Amino acid sequence: MKRTPKSTARKSAARRGASKAPRGNRGSAFPPAVKPGEAVKVAAAKGRPMLVWVGKRPLTRVTAFPAQLIEQFSVCGSAETRKPWSDWPSAYPTGGLLFHGDNKEVLAHLLANGFRGKVNLIYIDPPFDSGADYVRKVSLRGATGSAKLDGERYTLGEQIQYTDIWANDNYLQFMYERSGLLRELLHPAGFLFVHLNTDRSHYLKAVLDEVFGAASFTNEIIWKRREAHGDTKGIANVHDVILGYASDPGTTLLRHYVSYDQDYLDSHYTQTDESGRRYTLADLTAPGPRPGLNYAVRGVWPPPGRVWAVLPEKMEKMIQSGRVVFTAEGRPRKKLFLDEMPGMPVHDVWTDVFPINSQALEATGYPTQKPEALLERLITIGCPADGLVLDCFVGSGTTAAVAQKLGRRWIGCDINKGAIHTTAKRIQAVIREQCEAMEKRRAEGAQTSLLEAPYAKPQESSTPPQLSFSVWRVNDYDLQIQHDEAVNLACEHIGIERTRADAFFDGTLGRHLIKIIPFDHPLSPVDLEELRRELDSRPDEDREITLVCLGIEIAARSWIDDWNRLRKGKNAANRLHVIELRSDETYGSFIRHEPAQANVRITRKDGRVTIAIEDFVSPSIVTRLRQQAGVLQPKIDDWRAMVDCVMVDAAWDGSVFNVALSDIPERKSDLVKGSYEIDVPPRPTTVAVKIIDMLGEEVLVTRKV
Ligand SMILES: C[S@@+](CC[C@H](N)C(=O)[O-])C[C@H]1O[C@@H](n2cnc3c(N)ncnc32)[C@H](O)[C@@H]1O
């Protein structure tokens, strides 16, 4: 018979717990006593802390797609830059870069095209996993609104800008992948700031610690973003969290000062000298002993264990210049004048940056827009004067606009066309203002460079490195209607039940899993290979699968036939079906989008071209208005109420839109002009006019003149 060794017997006794407790403890809830000197077993650590979620997989490989140039903006008619950008990939024009696409693909594209290790500061403000659909209120232009019903102004209702409904695991995987790509783009002395709310920041801290290494963590900034109002949980949540990481743990942020709080000033700067200067008194001792600093000042020695902070000669100079005050005990104290102080070194609780309200001048109407002051501070402390700033969740373009104002280079990206449109509009306005300010200074005879930044902080001799920017597309996301909206409509049309908890599949239809192929391209073998990879990671998935697409490539059809051939029989798992919305017998009536139309007269006279927009109609806008008006018919007096902006290219090459003129009224109450004159080359040229309506739909009219 095998004997149980003593130590093992003791361990199992311990495991059995109270039943083997010493007599006095029998039946009590106390754990068994451990004899002095005996080791208490502690489970071995598994490794560095790591967050685990269902479906966690490292991003080891990602396909880099090419980018297409869509639009080029040289707002002041000059693409001139201050100095050559020696570190800039030659494939790109020097200037701001705005990418339309999923940031996973855009970041992969940047990595594959020369931007690895080039970005000095990354700020991202990703969707928060808030369970919300973010909407933008869309209205017509005009003083009181040209569309009226009994004198009332219409709005076009709300347009979904992006959807923020995720299951927790998907959200973490989404952020994990983007964080890894961002780390690769970051300069060795660069910084990342991730803006989050308090529901998710602790998860993301763990993810970022894993991706960057915990030693790279620099700060958790608390941004008080609103005042307290009634909260169901008792204590109102008024702050967001911004997590900071350095590429290299040894790098520190740039020094930055903010104004003192009034409370601090009132409690510290209580004294005023004869000329009215406010000052406070500072200690003039230091820990001792230190050579040369232990001496008597006007017969008074430093306190025990301490020395004076300055050498005798300096002390005497300070006394002579009236910088020293003697206390009742004769101890010297130094006067610190408020007007000589740089301010309070920036700390990690920010209560002095106010959120955007609807009346704010910088408000674009884009949901979740962040204040420029917040980005101004982050860019100032995290990015050198000529550095490169990246925001791959750029939204309304706050980061790009502030980078442009502060003389930094910038790259922005968003998946949402509304965001790209809003950002492009905003940056044009910033550059235009910069150009006007420079022109003014030039006219006043100031000896400043034409490209000196009107916004540059006095301590930075920065100049805007760029007065131009370009818009690129990675993959074709240029949909006539917003993708999310299109998916929602398609689901409604077919009767698909949306599944928010699945990162890959969009919903179910009876026993079928549904995958909606983005409507910007026909179903292709690339989509099908992605599906195969997904199914490989779900070996237990046995449902049939229906792919919903607008059209299908021939190669994809034979791919599906081959796949299904291997899955014969009633109970075969994962057979594939396709609903092709353009031609499907049952669901084919889905596509009924009537594009907007414009009537534009373009005529040449000598070296100038006159453009007159005579009419514009957007069936989508009219339909929306009609839906809201019910039985009454809305009336739009002036077509310009439907138009957000007009852009003109004087020499359209058929692919890239070079913006030679843009008409973007600053206020919602203003209308576009509708008629323009522009210089054109003497030879025949194609003039292109792009009209973008209030829903973001574009109409392009071209004429050879
Ligand atoms: C919270 S908003 C950013 C707001 C921005 N900071 C501002 O001040 O306007 C998040 C943005 O991320 C975009 N977004 C969400 N998923 C994305 C993705 N996969 N790729 C690129 N952009 C994405 C959304 O369209 C939205 O504009």
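Conventions we followed
- Residues numbered from 1 in each chain as written.
- Predicted model: local features only at pLDDT ≥ 70, side-chain atom pairs only at ≥ 80, totals over all residues.
- Heavy atoms only, no water.
- Pairing = 2+ DSSP bridges.
- Helix = DSSP H or I, 4+ residues; strand = E, 2+ residues; numbered from the N terminus.
- Contact = heavy atoms within 4.5 Å.
- Axes fitted to C-alpha atoms, helices over the stretch in contact; angles between N-to-C directions.
- Near = heavy atom within 4 Å.
- Polar contact = N/O pair within 3.5 Å; in protein donor to acceptor, adjacent residues only side chain to side chain.
- Areas by Shrake-Rupley, 256 points an atom, 1.4 Å probe, with all protein chains shown as cover.
- Nonpolar A, V, L, I, M, F, W, Y, C, P; charged D, E, K, R; others polar.
- Salt bridge = Lys/Arg side-chain N within 4 Å of Asp/Glu carboxyl O.
- Buried < 20%, exposed > 50% of the residue type's maximum accessible area, 1.4 Å probe, protein only.
- pLDDT = per-residue confidence, 0-100.
- Parallel < 35°, antiparallel > 145°, perpendicular 65-115°, else oblique.
- Left-handed = near helix turned anticlockwise from the far one by under 90°.

## Looking at the sheet that holds strand β13 (residues 278-282)
Here we have four strands laid out as an open sheet, ordered β12-β13-β17-β16, and antiparallel in their pairing. Of all the strands in the sheet, just β12 (271-272) and β16 (324-326) have a single pairing partner and so form its edges. In this sheet, β13 lies alongside β12 in antiparallel orientation, the contact comprising two bridges. The partner of Gln271 across the bridge, within β13, is Tyr279.

## A few points about the sheet that holds strand β23 (residues 497-498)
Taking strand neighbours across the sheet as the criterion, the five strands line up as β23-β24-β25-β26-β27 in an open arrangement whose pairing is mixed. Two strands bound the open sheet, and with one partner strand each, they are β23 and β27 (576-580). Bridging between strand β25 (residues 512-516) and strand β26 (residues 544-549) involves five bridges; their strand directions are parallel. Its bridge partner lying in β26, Ile514 is registered against Thr546. Along the sheet face, helix α11 (residues 525-536) touches β26 and β27 and points at about 150 degrees away from the line of β26.

## Examining unusual backbone geometry
With omega at -5 degrees, the peptide bond leading from Gly288 into Pro289 counts as cis. Structurally, the position occupied by Pro289 is in the loop between β14 (285-287) and β15 (306-308). For Thr368, which is not a glycine, the phi torsion comes out positive at approximately 60 degrees. Looking at where Thr368 falls in the secondary structure, it is placed in the loop between β19 (349-350) and α7 (372-382).

## So, the pairing of strand β28 (residues 597-605)
Working note: regular strand, side chains alternate between the two faces of the sheet. Here β28 runs beside strand β29 (residues 608-617); their pairing, made up of nine bridges, is antiparallel. Counted as the bridge partner of Asn599 is Asp615 from β29. Hairpin remark: β28 followed by β29, antiparallel, with two residues in the connecting loop; positive phi at Asp606, about 55 degrees.

## Here's the deal with the site of the ligand
Around the ligand, the surrounding shell holds 21 residues, and the nearest of these are Asp125, Tyr366, Ser396, Thr398 and Asp414. With respect to the ligand, the backbone of Asn103 contributes an N or O atom lying 2.9 Å from a nitrogen atom. Lys370 has a polar backbone atom sitting 2.9 Å from an oxygen atom of the ligand. Out of a free accessible area of 600 Å², the ligand has 96% covered by protein chains. By residue class, the composition of the shell around the ligand is eight nonpolar, eight polar and five charged.

## Things to note about the pattern of salt bridges
Applying the stated criterion to the full structure yields 33 salt bridges. We note a salt bridge from Asp87 to Arg409, for which the minimum N-O separation is 3.1 Å. Remark: Arg409 occurs in strand β21 (residues 409-414) and Asp87 occurs in the loop between β1 (67-74) and β2 (96-100); sequence separation between them is 322 residues. Close ionic contact of Lys405 with Glu372 constitutes a salt bridge, the shortest N to O distance being 2.7 Å. Taken together, the positions of Lys405 in helix α8 (residues 398-405) and Glu372 in helix α7 put the pair 33 residues apart, joining distant regions of the chain.

## Topic: α8
Two residues of an α-helix separated by three or four positions point the same way, owing to the 3.6 residues in each turn. With eight of eight residues buried, α8 lies mostly within the body of the structure. Regarding α8, the residues found buried are Thr398, Thr399, Ala400, Ala401, Val402, Ala403, Gln404 and Lys405. The elements touched by buried residues of α8 are β3 (119-124), α7, β20 (388-391), β21 and α9 (417-443). A positive phi of about 75 degrees marks Gly407, the residue just after α8.

## Some details on the environment of Val258
Mapped onto the elements of the fold, Val258 is located in strand β11 (residues 257-258). In this structure the C-alpha to C-alpha distance between Val258 and His347, which are 89 residues apart in sequence, comes to 8.9 Å. With residues near it in sequence (within four places) discarded, Val258 still touches Gly343, Met344, Val346, Asp352 and Arg377.

## Re the confidence of the model for the protein chain
Close reading of the predicted structure is inappropriate where its pLDDT is low. This prediction gives the protein chain a mean pLDDT of 81; 80% of its residues lie at or above 70. Taken as a whole, residues 145-152 scores under 50 in pLDDT and shows 22 contacts with residues more than four places along the chain or in a different chain. Note on residues 447-462: pLDDT under 50 across the span, and 37 contacts to partners over four residues away in sequence or across chains.

## Observations regarding the packing of α7 against α8
Between α7 and α8, whose axes approach to 9 Å, the crossing angle comes to 60 degrees. Relative to α8, the element α7 lies oblique. Remark: the crossing between α7 and α8 carries right-handed chirality. Taken together, the residues of α8 that come into contact with α7 (itself represented by Glu372, Leu375, Glu376 and Ile379) are Thr398, Thr399, Ala401, Val402, Ala403 and Lys405.

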